[in-house]
Amino acid sequence: MAEIDPFTLEVIKNRLASIADDMALTVARTARSFIVKEALDYSTALFGANSEFIAQGTCLPLHLGSMPSALNAVLKQFGDDIAPGDIFALNDPYDGGTHLPDIIAVLPVFVDGALVGYSACIAHQIDMGGRVPGSMACDSTEIYQEGLRLPPLRLYRAGVPEETVFRIIERNVRMPETVLGDINSQIAACRIGERGLTELVDRYGREGFENYREALLDYTERRTRAEIAKLPDGDYSFSDFIDGDGFDSGVITIQVKITVADEDMTIDFAGTSPQVRGAINSVYSFTASAAWACIRSVFDLNIPNNAGYFRPIRILTPERSIVNPSAPAPVAARGLTADRVADAVFGALAQLAPHRVPACGPHAPDTTVSFGGYYADGKPFVYLEGLVGSWGGGPDRDGMDASTGTIVNYSNTPAEMLEVDQPLMIERYGLVPDSGGAGKYRGGLAVVRHIRFLSDEAVLQVRTDRHQNAPYGLEGGEKGAHAGLRLIRADGSHEDFFGPFLVNVQKGDMLQVNLPSGGGFGDPLERDPAHVLRDVAEGKVSVKHAAAAYGVVIDDQISGVRQAETEALRASRR
């Protein structure tokens, strides 16, 4: 290999990341659905001509390992039958995808007739057909019920769209204009990636670019191995649990063992429960992606996001398990299992790096709500949202309230925008006092959201967990609060739910969602009384809970006191 100039390597590294970010901004500016343009459920990436992952946009860490499997599936299907102007796509979870709503678009990049790389974008579509609006029903029992299944196929041939493919998609989804609009947004992003990659190759030459590309991956591998080497060798195990699959699975175990040996790491899910009847199974690529994202979050943030990071970290999953199912097992709601995979991996990591890992909080949305039907004129509507919870307390700070999880970069969808776009009303959206797990550093509070349905009739589907097994605390911290779900009918009757469900709703019905809170970190009796006093002043902790959970007695009336006045109040440890 030619001599590598470190300054040029740094420039190329940053330029690749910038191109991937430009792609991400293109999606944000041009997408049509709220799940993409507001919740930001998409990612962008660049690959080299050898199909190795070389950059990811500032998007979802959970997609870190998902797109390489998609590109490999495209190459397996088409081999050398790839030409300038081609664009490929897929969504089949058993052939490179993760679940049917996630469409991955791949654009090969050519310079002077030579293949120099690939530009790719994954985005969650608002609907991909199937038996339930939003295509994420937990109670599907086989993938054929979940929607339109696309193997690796050609969307564009030599710059010309394959109209038959677009017509098939259009005829099989409930919101064709929105879905096709988001797919075109992905294509636009891929073209931005193509332009940026072409400019880099033009500047440094094809051979020069390839040399620096390989040097960048080797650099990332060295940095990753150096981070692993800082960790103590040995085996570190942890288990976490899913309440159930909505059928008869009983409690589902996610078992993980992290083995550190010098500069290598293995994450083994042996002992995890078998695949289940309900649609919460997670295919290998998605499970591995969740695990890689967890490890990535405790390493040096300056390490580039590329395939060099994967090389020293091996992911093992049992076949026909909930973290590596076999077709035709349903997978639409696999995000719930990926969240629990993250909880288990972080639980094991807390033994390796206790100064870096917070207590448990939703690392991805445990609760996802989909709601769909038809207006009086026959026009369809689909609402789909992953509700964002709160972090667990950390080694040196309280858990963040109502913040995106560790392995996703989701954004809150503003209530006002939803109410303009959908036949619903957000009647309450806030935090639940006294709900954060007690600890030296308190867990983030539970989030509550009340959704009133305004359509005459619709189908409501909710993916949910943590009703039985609350988020765990660490280092003596207490567990967070359990989840809660209640459907209040327009006539005043109500029903409580303790797992995934699907029901018909009518105008005036309201869904009350209480998300689980974050666990606490450290002994609650070690919490600074001044911090407890501040929590009471802010309405996050009641006077009664301050005494019961933290042993802190507040002497004066505190209701309505401004933050600036709390210094005048006295708090003491009982």
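This report concerns the structure included in the present document. None of these values were measured; they are calculated from a predicted model. Just so you know, the residues in each chain are numbered from 1, in the order the chain's sequence is written. Where totals are concerned, whole chains, interfaces and linings use all residues; where local detail is concerned, this predicted model gives features only for residues with pLDDT of at least 70, and gives and counts side-chain atom pairs only at 80 or more. Note: side-chain values were computed over all heavy atoms of the structure, leaving out hydrogens and water.

## Some thoughts on the overall build of the chain
- Only DSSP runs of H or I reaching four residues or more are called helices, and only runs of E reaching two or more are called strands; each is numbered from the N terminus. Helix and strand counts for the chain come out as eleven helices and 22 strands.
- Relative to the 2.2 N^0.38 estimate, which gives 25 Å for 574 residues, the radius of gyration of the chain is 24 Å and therefore close to what a compact globule would have.
- Seen through its principal axes, the chain has C-alpha atoms that stretch 80 × 60 × 45 Å.
- Each residue's exposure class comes from its accessible area (1.4 Å probe, protein chains only) as a fraction of the maximum for that residue type: buried when under 20%, exposed when over 50%, partly exposed otherwise. The proportion of buried residues among the 574 residues of the chain is 61%.
- Residues count as neighbours in contact if any of their non-hydrogen atoms are within 4.5 Å of one another. Sequence-distant contacts in the chain: of pairs separated by 6 or more residues, those separated by 24 or more amount to 71%.
- Accessible surface, the chain: about 21,700 Å² in total, of which carbon and sulfur atoms supply 49%. Radius of gyration here is computed from C-alpha atoms only, and the compact-globule reference equals 2.2 Å multiplied by the residue count raised to the power 0.38. Working definition of accessibility: Shrake-Rupley area with a 1.4 Å probe, residue cover restricted to the visible protein chains.

## Overview of the packing of aromatic side chains
- Whether two aromatic rings pair depends on their centres lying within 6.5 Å, for rings of Phe, Tyr and Trp, where Trp uses its six-membered ring; planes under 30 degrees apart make the pair stacked, over 60 edge-to-face, and the rest tilted. Evaluated as defined, the whole model comprises eleven aromatic pairs.
- Look at Tyr156 and Phe166: their rings are 6.2 Å apart centre to centre, the planes differ by 90 degrees, and that puts the pair in the edge-to-face class. Of the two residues, Tyr156 sits in strand 6 (residues 153-157) while Phe166 sits in helix 4 (residues 163-172), which places them ten residues apart along the sequence.
- Since its relative accessible area comes to 12%, Tyr156 is described here as buried.
- For Phe166, a relative accessible area of 10% gives the class buried.

## Some words on the packing of helix 1 (residues 6-30) against helix 6 (residues 206-229)
- For helices, the fitted axis covers only the stretch in contact; all axes are lines through C-alpha atoms, and the angles between them, taken along N-to-C directions, range from 0 to 180 degrees. Where helix 1 contacts helix 6, the axes come no closer than 10 Å and their chain directions differ by 85 degrees. In terms of orientation, helix 1 and helix 6 fall into the roughly perpendicular class. Seen from helix 1, the contacting residues are Thr8, Leu9, Ile12, Lys13 and Leu16; seen from helix 6, they are Phe209, Tyr212, Ala215 and Leu216.
- In terms of residue class, the contact of helix 1 with helix 6 is made up of seven nonpolar, one polar and one charged. Angle categories: roughly parallel below 35 degrees, roughly antiparallel above 145, roughly perpendicular from 65 to 115, and oblique for all the rest. Charged means Asp, Glu, Lys or Arg here, nonpolar means Ala, Val, Leu, Ile, Met, Phe, Trp, Tyr, Cys or Pro, and polar covers whatever is left, Gly included.

## As for unusual backbone geometry
- The amide bond that connects Ala327 to the next residue, Pro328, takes the cis arrangement and shows omega of 10 degrees.
- Mapped onto the fold, Pro328 is located in the loop between strand 11 (313-316) and helix 8 (335-352).
- Positive phi values are uncommon outside glycine, yet Ser51 reaches one of about 75 degrees.
- On the secondary structure map, Ser51 appears in the loop between strand 1 (42-48) and strand 2 (53-56).
- A positive phi is found at Asp434, a non-glycine position, where the angle reads about 70 degrees.

By themselves, these figures tell us nothing about what the structure is for.
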